[in-house]
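One-letter residues, chain by chain:
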Amino acid sequence: MALIAYDNVDAAAFEATRHLSEDALGVWRDAITRHLDPRSGTRLLDLGCGTGSWSRAFRIWWPEAEVIGVEPSAAMRDRAEHRPVLAGEAGDIPLDDATVDAVWLSTVVHHIPDLTAAAREVRRVLKPDGPVLIRSAFAGRHEAITLFRYFPEAIAVLDRYPRVADVEAAFAITGFTTAGFVQVPQTTAPSLRDAVASLRREAHTPLQLITDEAYAAGLRRMREAAETATGPVIDGLDLLVLR
C-alpha cells in the first residue's frame with residue numbers, strides 16, 4: 001500500500017502549499033536539462049503528477065513539448081492545473097509501448113508499493129535510451145531537509161521510504177543504469193517564518209505519519225526558531241537519473 005492515499009483534504013493542502021518559486025524552479029530546470037533537451041514533438045510523462053505543478057512548469061519551459069500527467073488520486077486530478085491528466089499509477093500506466101521520451105517522478109517513489117512493477121511499466125512506455133528523472137527525499141538522507149530538524153520523529157517515517165540503492169536495484173532488473181545523482185539545493189521559503197505560516201501537515205507524508213504530540217512539539221520548536229532565524233529556507237532534495 002502507498003503511505004498516503006490522497007483525499008480531498010490532503011489534495012487541497014498539497015495544492016495550496018507545495019509549489020516552488022520561480023527561482024527555485026530555475027535551479028531544478030538547470031539540473032534537469034543536463035539530462036534532457038526537449039524539442040518539438042518530445043513527449044514527457046509526469047508520473048504521479050499530483051496537482052500538476054511540475055507539468056505546468058514543463059509546458060512553460062518547453063512549449064513545443066507534449067506533457068502528459070498520470071495520477072492515481074481523483075482528488076489530485078480534480079485540482080490539476082495542467083491537462084491532460086490521466087487516471088493511472090506507476091504499476092499500470094495508461095499509455096502505449098514506447099510512446100514517451102522521458103519520465104519524471106517528483107516525490108512519488110515512496111508511494112509506489114512495487115518498485116519493480118513500476119520499473120517494468122516505465123520501461124514499456126519509454127522510448128529506448130530515454131531518461132527517468134526521479135526527484136525525491138530518500139531514506140537515510142534527511143540532513144539537508146529543514147523539516148526534519150524540527151520534527152525529528154519524522155526521520156523514522158523517511159526511513160520507510162526507498163533508499164537510493166533500492167530504486168537503482170528495482171530499475172536495474174529492467175536494464176536501467178544510473179546516469180546521474182545529485183542533491184539539488186532549492187529555496188523552499190523566503191524565511192523560516194514564512195515556512196511556518198504556510199505549513200500544512202496534510203501536505204507532508206512524514207508529518208502525517210507521526211503522532212499528534214510529536215507534530216505539536218515540532219511546530220513549537222519551529223515557531224520558536226522562526227523568531228530569530230534569518231535568511232531563506234534552503235532544502236536539498238535528490239535527483240536520481242536512470243537510463
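Given the structure is predicted, the values throughout are model-derived calculations rather than measurements. (Residues numbered from 1 in each chain as written. Predicted model: local features only at pLDDT ≥ 70, side-chain atom pairs only at ≥ 80, totals over all residues. Heavy atoms only, no water.)

S.K.: Looking at this structure, I do not really get the sheet that holds strand β4 (residues 102-106). What am I missing?
M.R.: Two strands in a sheet stick together by hydrogen bonds in their backbones, pointing the same way (parallel) or opposite ways (antiparallel). Read across the sheet, seven strands follow the order β3-β2-β1-β4-β5-β7-β6 without closing on themselves; strand pairing throughout is mixed. Both edges of this open sheet fall to β3 (85-87) and β6 (178-189), since each of them pairs with a single strand only. In this sheet, neighbouring strand axes are inclined to one another by 25° on average, regardless of whether the strands run parallel or antiparallel. Both β4 and strand β5 (residues 132-136) contribute to a ladder of four bridges, which runs parallel. Its bridge partner lying in β5, Trp-104 is registered against Leu-133. Contacts from helix α3 (residues 53-61) reach β1 (43-47), β2 (66-71), β4 and β5 within the one sheet, and its direction differs from that of β2 by about 175°. (Pairing = 2+ DSSP bridges. Helix = DSSP H or I, 4+ residues; strand = E, 2+ residues; numbered from the N terminus. Axes fitted to C-alpha atoms, helices over the stretch in contact; angles between N-to-C directions. Contact = heavy atoms within 4.5 Å.)

S.K.: Can you help me understand empty space enclosed by the protein in this one?
M.R.: With a probe scaled to a water molecule rolled over the atoms, the places where space remains empty come into view. Throughout the structure, instances matching the rule amount to one cavity of 30 Å³ or more. Lining the largest cavity are Leu-36, Leu-44, Leu-45, Phe-58, Ala-102, Val-103, Trp-104 and Leu-133. At the level of secondary structure, the elements contributing two or more residues to the lining of the largest cavity comprise β1 and β4. Looking at the lining of the largest cavity, the element that brings in the most residues is β4, giving three residues. Each residue belonging to the lining of the largest cavity can be placed in one class, and the counts come to eight nonpolar, no polar and no charged. (1 Å grid on protein atoms, 1.4 Å probe; cavity = no way out; pocket = protein on both sides within 12 Å on 5 of 7 lines; lining within 4 Å. Points joined across faces, edges and corners; volume = space filled by probe spheres on them. Nonpolar A, V, L, I, M, F, W, Y, C, P; charged D, E, K, R; others polar.)

S.K.: Would you explain the environment of Ala-226 in this entry?
M.R.: Its location among the elements puts Ala-226 in helix α11 (residues 212-226). Once the C-alpha coordinates of Ala-226 and Ser-191 are considered, the two residues, 35 residues apart in sequence, prove to be 8.0 Å apart. Aside from chain neighbours lying at most four places away, what touches Ala-226 is Leu-192, Arg-193 and Val-196.

S.K.: How should the side chain of Arg-135 be read in this particular structure?
M.R.: Inspection of the secondary structure assignment puts Arg-135 in strand β5. No salt bridge is formed by the buried Arg-135, whose closest oppositely charged neighbour, Asp-235, lies at an N-O distance of 8.2 Å. Side-chain polar atoms of Arg-135 contact the side chain of Gln-186, separated by 2.8 Å. Contacts of Arg-135, omitting those with residues within four sequence positions, involve Leu-20, Trp-28, Trp-54, Trp-104, Leu-105, Ser-106, Thr-107, Gln-186, Leu-237, Asp-238 and Leu-239. (Buried < 20%, exposed > 50% of the residue type's maximum accessible area, 1.4 Å probe, protein only. Lys, Arg positive; Asp, Glu negative; His and termini not counted. Salt bridge = Lys/Arg side-chain N within 4 Å of Asp/Glu carboxyl O. Polar contact = N/O pair within 3.5 Å; in protein donor to acceptor, adjacent residues only side chain to side chain.)

S.K.: Help me out: how do you make sense of the packing of aromatic side chains in this one?
M.R.: Aromatic rings in a pair are described by how distant their centres are and how their planes are angled relative to each other. In this structure the tally under the stated criterion is eleven aromatic pairs. With centroids separated by 6.5 Å and ring planes inclined at 75°, the aromatic side chains of Trp-54 and Trp-61 adopt a geometry described as edge-to-face. On the basis of relative accessibility, which here comes to 11%, the residue Trp-61 falls in the buried class. Here the aromatic rings of Phe-58 and Trp-62 are separated by 5.6 Å at their centres, their planes lie at 25°, and the arrangement is stacked. (Phe/Tyr/Trp six-rings, centres within 6.5 Å; stacked < 30°, edge-to-face > 60°.)

S.K.: Help me out: how do you make sense of the pattern of salt bridges in this one?
M.R.: The full count for this structure, using the stated rule, is twelve salt bridges. A salt bridge links Arg-56 to Glu-81; its shortest N-O distance comes to 3.5 Å. Of this pair, Arg-56 sits in helix α3 while Glu-81 is found in the loop between α4 (74-78) and β3, placing the two residues 25 residues apart along the sequence. Residue Arg-56 is classed as partly exposed on the basis of its relative accessible area, which comes to 39%. For Glu-81, a relative accessible area of 39% translates into the label partly exposed. The salt bridge partner of Arg-221 is Glu-153, with a shortest N-O separation of 3.8 Å. Taken together, the residues Arg-221 in helix α11 and Glu-153 in the loop between α6 (147-150) and α7 (154-158) connect sequence positions 68 residues apart. On the basis of relative accessible area, Arg-221 is assigned to the partly exposed category, the value being 32%.

Honestly, it's all geometry; don't read function into it.
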